[in-house]
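# Structural overview for review
The primary structure of each chain is shown beneath.
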Amino acid sequence: MNTDQLVITLGSSVTPVRRGLIPRRIMWGVTAGGAVTLAMVVLQLGFRPDLVIAMHSFAFWMKWTYTLSLAVIAILATAHLARPEAQRPRWLWLLAVPIAALAALAAGELIRTPTSGWAELWMGLSWRICSTRVATLSLPIFAGLVVAFRRLAPTRLRLTGAVVGLAAGAFGATLYCLHCPEVSAVFVLTWYTLGIAVAAAIGALLGPKLLRW
Amino acid sequence: MRASEDQLRSWMTGALDGDAAAYTALLAALVPMLRSFFGNRLRGGSDDVEDLMQETMMAIHSRRGTYDRDRPFAPWAYAIARYKMIDHFRRTRATVPIEDLENILVSEGFEAATAARLDVDKLLGGLSPKQAQAIRATRLEGLSISEAAAGAEIGESDVKISVHRGLAALARRVTGSS
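Here goes a summary of the coordinates provided.

The rules behind each value
- Residues numbered from 1 in each chain as written.
- Chains lettered and ligands numbered in written order.
- Predicted model: local features only at pLDDT ≥ 70, side-chain atom pairs only at ≥ 80, totals over all residues.
- Helix = DSSP H or I, 4+ residues; strand = E, 2+ residues; numbered from the N terminus.
- Buried ≥ 20, exposed ≤ 12 C-beta atoms within 10 Å, placed from the backbone.
- Contact = placed C-beta atoms within 7 Å.
- Core = buried A, V, L, I, M, F, W, Y, C linked by C-beta atoms within 7 Å.
- Nonpolar A, V, L, I, M, F, W, Y, C, P; charged D, E, K, R; others polar.
- Axes fitted to C-alpha atoms, helices over the stretch in contact; angles between N-to-C directions.
- Parallel < 35°, antiparallel > 145°, perpendicular 65-115°, else oblique.
- Left-handed = near helix turned anticlockwise from the far one by under 90°.

When its secondary structure is counted, chain A shows nine helices and zero strands. Based on the C-alpha atoms only, the size of chain A along its principal axes is roughly 75 × 35 × 25 Å. Within the span of chain A, comprising 213 residues, buried residues form 42% of the whole. At a minimum sequence separation of 6, the contacts of chain A that also span at least 24 residues come to 89%.

Printed below as a string of C-alpha cells:
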C-alpha cells in the first residue's frame with residue numbers, strides 16, 4: 001500500500017476514543033486477572049477458617065496495607081510507562097515507604113522476641129510455599145495486564161514488564177492474605193516480598209517479548 | 001509549510017472525538033515529518049524509510065488512545081517513531097546510537113513549539129540564570145553563539161553547554177518525565 005492510500009484508509013476509519021483509556025484498560029486487566037486469582041485462592045487454597053476474626057486483627061491489616069500500597073504504587077508506575085513518551089520510571093521510589101515501615105515493625109518484633117523465637121517469627125508455618133504461591137497467584141493478573149497493554153504504548157519494555165510483574169505480584173499477595181495465616185512482620189517482609197520480587201523478575205524477563213508492538 | 005504543534009494538537013483532539021477530516025489532515029501532516037525523521041536517521045534505502053513511516057502511522061492509529069489531550073502532541077508522536085526505529089534496528093541487528101526524545105524534539109524543531117504553550121518566562125525561571133540567559137539570547141532573541149557569549153561575558157562553549165542543558169531540562173519538564 002502506498003502512503004497516500006494509507007492516509008486515506010486510516011483517516012476514514014477513525015472512531016472516537018474516550019479520555020482515560022490507559023487507566024480504564026489497566027483497571028480492566030487487574031480486575032479480570034484478579035477474578036481468576038481470587039477463584040484460585042477460593043477453590044484451591046480456601047479462605048483461612050478464622051478470616052472474619054482475623055479481619056479485626058492488626059496483623060491482617062498490616063499485611064494488606066503493605067501489599068496494597070505496593071500494588072497501588074506499581075499501578076501508578078505502570079500507567080505512567082504505558083505512554084510512549086515516558087522514558088524514565090516514576091513513582092517507584094515511593095516503594096521505599098511501605099518497605100521501610102514494615103522493616104521498622106519487623107525490627108520491633110525482633111527486639112521484643114528472645115532470639116530463641118526468631119526462627120519461628122521468620123519461618124512461620126509456611127515459609128517454604130509462601131513465595132511460590134504469591135508468584136503463582138500473580139500470573140493471572142500479569143496475563144490480564146499484558147492483554148490490557150495491547151492497546152497501550154510502552155517503549156521501555158523490560159522496565160514496564162518488571163513494573164507490571166510487581167503490580168501483579170502485589171495484588172496476588174493481597175489476595176493470598178485471604179488464605180495465609182501468618183502474623184509476623186518479619187515473615188511478610190521476607191517471604192511476601194520475595195514472592196513479589198519473583199513476579200517482578202518474571203515480568204522483566206517476559207516484558208520485551210510480550211509487550212512488543 | 002510544516003504544521004505547528006498547536007495545529008497538530010487540535011487535529012489530534014478532533015481525531016479522538018471521531019472527526020475524520022481532522023484525522024486525515026493530521027496523518028497527511030505527519031507524512032513529511034516522519035519521512036524526514038527516518039530519512040535523517042536511517043542509512044538504509046528509502047524502502048526502509050517508507051516501511052517504517054507506514055508502521056509508525058499504523059501504530060499511531062492503533063495506540064491513539066494513549067495520547068493525553070492535555071499534553072503536547074509532538075513528543076508523543078516522535079516517541080512512537082523513535083520506538084519503531086529502535087525496533088527496526090533490533091530486527092536488523094544493527095547497533096546504532098539513538099538520541100533521547102529530548103534531543104529529537106530539539107533537532108526536529110519542536111522544542112520551541114512544545115514550550116510555546118506554556119509561559120516562557122515561568123519555564124526559564126526554573127533554570128539557572130546562566131542557562132536561562134543563554135537560551136533567551138540564542139533561541140528567543142536570535143543572537144549568534146559568539147554574540148551571546150560576548151553579551152554575557154562568558155566563553156562560547158559555556159553558552160553552548162548552557163543552551164543544551166537548559167533545553168534538555170525544559171524538554172524533560174514539558175514531556176512530563178521526571
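A few words on the overall build of chain B. Looking only at helices and strands, chain B features 10 helices and zero strands. Beginning at the N terminus, the succession of helices and strands in chain B can be written as α-α-α-α-α-α-α-α-α-α. Overall size of chain B, expressed as C-alpha extent along the three principal axes, is 50 × 40 × 30 Å. In chain B, which comprises 178 residues, the share counted as buried stands at 37%.

Residues and elements named next belong to chain A. If you look at the biggest cluster of nonpolar residues, it comprises 103 residues, and the most contacted ones within it are Ala74, Leu145 and Ala167. It is helix 8 (residues 157–176) that contributes the most residues to this core, 13 residues altogether. Setting aside residues no more than four positions away along its own chain, Leu145 makes contact with Ile26, Gly29, Val30, Gly33, Val164, Ala167 and Ala168.

Right, let's get into the environment of A:Val164. Residues and elements named next belong to chain A. Locating Val164 in the fold gives a position in helix 8. Taking the C-beta count within 10 Å as the criterion, Val164 has 36 such neighbours and is therefore assigned buried. Remark: the alpha-carbon pair of Val164 and Leu51, spanning 113 residues in sequence, is separated by 29 Å. Sequence-distant contacts of Val164, defined by excluding residues within four places in its chain, comprise Thr78, Phe142, Leu145 and Gly203.

Moving on to the interface of chain B and chain A. Taken together, the contacts link 32 residues of chain B with 27 residues of chain A. Counting residues per element, the ones that place at least two in the side of chain B that touches chain A are helix 1 (5–16), helix 2 (20–41), helix 3 (46–62) and helix 4 (73–91) of chain B. Classifying every residue of the side of chain B that touches chain A gives 16 nonpolar, 10 polar and six charged.

Turning next to the environment of A:Leu210. Residues and elements named next belong to chain A. In this structure, Leu210 sits in helix 9 (residues 185–210). Accessibility expressed as a C-beta count within 10 Å gives 19 for Leu210, which makes it partly exposed. In sequence terms Leu210 and Leu157 are 53 residues apart; their C-alpha atoms lie 8.6 Å from each other. Every residue in contact with Leu210, bar those within four places of it in the chain, is listed here: Val146 and Gly161.

Turning next to the packing of helix 2 of chain B against helix 4 of chain B. Helices that pack against each other are described as a pair by the angle of their axes relative to one another and the distance between those axes. All names here are of chain B. Running from N to C, helix 2 and helix 4 cross one another at 40°; their axes reach a closest spacing of 11 Å. Viewed along their axes, helix 2 and helix 4 adopt a mutual orientation that is oblique. Pair helix 2 / helix 4 crosses with right-handed handedness. In contact with Leu30, Leu34, Phe37, Phe38 and Arg41 of helix 2, helix 4 contributes Ala77, Tyr78, Ala81 and Met85. Among the residues making up the contact of helix 2 with helix 4, the classes are represented as eight nonpolar, no polar and one charged.

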